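Here is how the chains run, residue by residue.
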Amino acid sequence: MVMKRTATAILSLLFLALSGLGKVRAQEFKFAFLTDMHVHSDSTLGQVERRLKSLPSAVELLVSGGDNVDIDNLKSTDLSAGEQRLKSLKGLFDRTKKPYRMAIGNHDRLPGDLRNGNNDFELFEKTFGKTYYSFDHKGWKFIVLNSVETRDNRYVIGDRQFAWLQDILKNTAKDQPVVIISHVPFLSVYYPVLEGRYTAADTFENQKQVFDLFKSHSLKLVLQGHMHLYEEIKVKGVQFITAGAVSGNWWHGAFEGTAPGHLEVDVHGKDFSWKYVK
């Protein structure tokens, strides 16, 4: 009798375990998204430090949206100074004692006259590691893209990265909530609003193909940078937010009405809310 009851209990536990496969338990947490810091001097590094120190204690994860340090506009003789600023910025994030993840922006690349197609992201990778990757945090999957790869002088998610993304999604539960981090936007109304024209400039070329990969997944949020303008666009149930810039108008006040700031996101299970903190 004891053996029968034990066997029944084991089968019951096994059934419960199997029935839970593919179901994701999303928890509550708060994270900060800081994009376009454009560190180019000790004073701008100090401004970033003050912003990091001002974050509420409830923020438990930091995510960068790219354009961390201005590298691409340096002369080759000044690269060592740029590399030191990257290290100093890393030190600031390290000292927060919070987990953080960095995205790459176009200004984080080597200067154009030094890029050869293979070394474009050399200094960023040396300091922060891979330029595209994914990670899980409390039931949510974060996918950080390198949207500053180029093809025919247009931003693009390259073939290797696209294949990697397909593999990531094959191994992601359909109901797991997903956040994408992309420096160059999928969608933006920057040009229609500011210049009165529609253009694909400053969005990456194959954004629709990338977006379509998520049709059967629970993509909730896309966080974008690059434009320094604050935008909210909701399409097919996905919230796109272009989250202004920590540097504002490249450290000269507000940019077209968007003050220097960062985004704070409160996750509530599989839902979320947010605010732009000036």
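Just so it is clear, the model here is predicted, and its values are computed rather than measured. (Residues numbered from 1 in each chain as written. Predicted model: local features only at pLDDT ≥ 70, side-chain atom pairs only at ≥ 80, totals over all residues. Heavy atoms only, no water.)

### As for the confidence of the model for the protein chain
Link 1 in the chain: Put simply, the protein chain has an average pLDDT of 93, and 91% of its residues get 70 or more.
Link 2 in the chain: For residues 1-21, every residue scores under 50 in pLDDT, and the model assigns this stretch 0 contacts once sequence neighbours within four places are set aside. (pLDDT = per-residue confidence, 0-100. Contact = heavy atoms within 4.5 Å.)

### A look at the sheet that holds strand S10 (residues 230-235)
Link 1 in the chain: Read from one edge of the open sheet, 6 strands run S4-S5-S8-S9-S11-S10, paired in mixed fashion. With one partner strand each, in any of the chains shown, strand S4 (133-137) and S10 form the two edges of the open sheet. Adjacent strand axes in the sheet meet at a mean angle of 20 degrees when their direction is disregarded.
Link 2 in the chain: Relative to strand S5 (residues 140-144), helix H5 (residues 159-170) is tilted by about 175 degrees, and along the sheet it contacts S4 and S5. (Pairing = 2+ DSSP bridges. Helix = DSSP H or I, 4+ residues; strand = E, 2+ residues; numbered from the N terminus. Axes fitted to C-alpha atoms, helices over the stretch in contact; angles between N-to-C directions.)

### What to know about the environment of Glu264
Link 1 in the chain: Tracing the chain through its elements places Glu264 in strand S12 (residues 262-268).
Link 2 in the chain: Classification of Glu264 by relative accessible area gives buried; the value is 4%.
Link 3 in the chain: As for Glu264 and Pro56, which are separated by 208 residues in sequence, their C-alpha atoms are 9.5 Å apart.
Link 4 in the chain: Those residues in contact with Glu264 that lie beyond four places of it in its chain are Lys30, Phe31, Ala32, Leu55, Pro56, Ser273, Trp274, Lys275 and Val277.
Link 5 in the chain: At 2.9 Å, the side chain of Glu264 forms a polar contact with the side chain of His262. (Buried < 20%, exposed > 50% of the residue type's maximum accessible area, 1.4 Å probe, protein only. Polar contact = N/O pair within 3.5 Å; in protein donor to acceptor, adjacent residues only side chain to side chain.)

### A few points about the side chain of Ser41
Link 1 in the chain: Its place among the elements puts Ser41 in the loop between strand S1 (28-34) and helix H2 (42-54).
Link 2 in the chain: Here Ser41 falls in the buried class, since its relative accessible area comes to 17%.
Link 3 in the chain: At 3.0 Å, the side chain of Ser41 and the side chain of Ser43 are in polar contact.

### Here we look at the pattern of salt bridges
Link 1 in the chain: A full pass over the atoms with the stated rule returns 13 salt bridges.
Link 2 in the chain: Here Lys30 makes a salt bridge to Asp266, at a shortest N to O gap of 3.0 Å. Residue Lys30 is found in strand S1, and its partner Asp266 is found in strand S12; the two are separated by 236 residues along the sequence.
Link 3 in the chain: Lys30 sits in the buried class, given a relative accessible area of 10%.
Link 4 in the chain: For Lys53, the salt bridge goes to Glu49, with nearest N and O atoms at 3.6 Å. With a gap of 4 residues between them, Lys53 and Glu49 both fall in helix H2, about one helical turn apart.
Link 5 in the chain: For Lys53, a relative accessible area of 65% translates into the label exposed. (Salt bridge = Lys/Arg side-chain N within 4 Å of Asp/Glu carboxyl O.)

### Side note on the sheet that holds strand S2 (residues 59-64)
Link 1 in the chain: The 5 strands lie next to each other as S3-S2-S1-S12-S13, forming an open sheet whose pairing is mixed. Looking at which strands have only one partner, the edges of the open sheet turn out to be strand S3 (100-101) and strand S13 (271-277).
Link 2 in the chain: Judged from the 7 bridges that link them, S12 and S13 form a sheet pairing that is antiparallel. Paired with Glu264 across the bridge in S13 is Lys275.

### Thoughts on the environment of Val69
Link 1 in the chain: Looking at where Val69 falls in the secondary structure, it is placed in the loop between S2 and helix H3 (79-95).
Link 2 in the chain: For Val69, a relative accessible area of 0% gives the class buried.
Link 3 in the chain: The spatial distance from the C-alpha of Val69 to the C-alpha of Tyr276 is 22 Å, given a sequence separation of 207 residues.
Link 4 in the chain: The contact partners of Val69, leaving out residues within four places of it in the chain, are Val39, Gly82, Arg85, Leu86, Leu89, His107 and Asp108.

### Focus on the pairing of S2
Link 1 in the chain: When you tally the buried positions in S2, you get 5 out of 6 residues, the bulk of the element.
Link 2 in the chain: The pairing of S1 with S2 spans 5 bridges and is classified as parallel. The residue of S2 that forms the bridge with Ala32 is Leu62.
Link 3 in the chain: In this fold, the crossover linking S1 to S2 by way of H2 has right-handed handedness. (Right-handed = clockwise from strand over helix to strand, strands pointing away.)

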